[in-house]
Amino acid sequence: MDIDKTNKTLYGMLYIGGLAILAIIFIFVIISDWTDLLPESDWPHAVMILFWPIAWLGEYFRPITDKDQLNSGCLFPLYTCLLLMMPLSWWWDIKHYTAPIVVILVAAGALMILDIILFYKKSRRIKAMEEEENG
């Protein structure tokens, strides 16, 4: 029972926290693009690229539901596409690749690889649960 509570806590901290930071940074990017109130910078895009896989790492800890079992075949490809495509759209907005930004991008890449491995494991676990119910 403690594992379920820990997983829900990790899900809340990583997923909800990561998406909240993404929303704040996204608002910062919109304000800096549309007005001259804030200076344009590459940092918001780098931070969004970093917090996207952090939020998806939280998704791994979300408890498995019946809906997940119904969609077990498309879970892994969908999560992989969403995980990889969004940061690529933000990557093109980075103009200056300084050393700290490159470090952030490498860390984000490592987290994305970890997320893909964990999503694969979760999809296998969901399929095993589905087969156990059917067989």
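Let me sum up the structure you'll find in this document.

What counts, and at which threshold
Residues numbered from 1 in each chain as written. Predicted model: local features only at pLDDT ≥ 70, side-chain atom pairs only at ≥ 80, totals over all residues. Heavy atoms only, no water. Salt bridge = Lys/Arg side-chain N within 4 Å of Asp/Glu carboxyl O. Helix = DSSP H or I, 4+ residues; strand = E, 2+ residues; numbered from the N terminus. Buried < 20%, exposed > 50% of the residue type's maximum accessible area, 1.4 Å probe, protein only. Patch = residues over 30% accessible without salt bridge, like charges linked within 9 Å, V, L, I, M, F, W, Y side chains within 5 Å. Areas by Shrake-Rupley, 256 points an atom, 1.4 Å probe, with all protein chains shown as cover. Axes fitted to C-alpha atoms, helices over the stretch in contact; angles between N-to-C directions. Parallel < 35°, antiparallel > 145°, perpendicular 65-115°, else oblique. Left-handed = near helix turned anticlockwise from the far one by under 90°. Contact = heavy atoms within 4.5 Å. Nonpolar A, V, L, I, M, F, W, Y, C, P; charged D, E, K, R; others polar. Phe/Tyr/Trp six-rings, centres within 6.5 Å; stacked < 30°, edge-to-face > 60°.

## Quick look at the pattern of salt bridges
The full count for this structure, using the stated rule, is 1 salt bridge. A salt bridge links E59 to R62; its shortest N-O distance comes to 2.6 Å.

## Brief notes about the side chain of E59
Structurally, E59 is set in helix α2 (residues 43-60). On the basis of relative accessibility, which here comes to 5%, the residue E59 falls in the buried class.

## What to know about a nonpolar patch on the surface
Together, L84, M85, L88, W91, W92, Y97, V102 and V106 line one region of the surface with nonpolar side chains, adding up to about 810 Å² of accessible area. Listed by contribution, the elements that provide at least two residues to the nonpolar patch are α4 (72-91) and α5 (99-134). Among the secondary structure elements, W92 is positioned in the loop between α4 and α5.

## A look at the packing of helix α1 (residues 2-34) against α2
One way to put it is that α1 packs onto α2 with a least axis distance of 8 Å and a crossing angle of 155 degrees. Relative to α2, α1 is oriented roughly antiparallel. Viewed along their axes, α1 and α2 form a crossing whose handedness is left-handed. Together, L10, Y11, L14, Y15, G18, L19, I21, L22, I25, F26, F28 and V29 of α1 and P44, H45, V47, M48, F51, W52, I54, A55, L57, G58 and E59 of α2 make up the contact between the two elements. Looking at the contact of α1 with α2 residue by residue, the class counts come to 19 nonpolar, 3 polar and 1 charged.

## Here we look at the packing of aromatic side chains
Throughout the structure, instances matching the rule amount to 5 aromatic pairs. Ring geometry for Y11 against Y15: centres 5.2 Å apart, planes inclined by 15 degrees, an arrangement best described as stacked. Residue Y11 and its partner Y15 are both found in helix α1; the two are separated by 4 residues, about one turn of the helix. Seen in terms of ring centroids, W91 and W92 are 6.0 Å apart; in terms of plane orientation they differ by 10 degrees. Their pairing is stacked.

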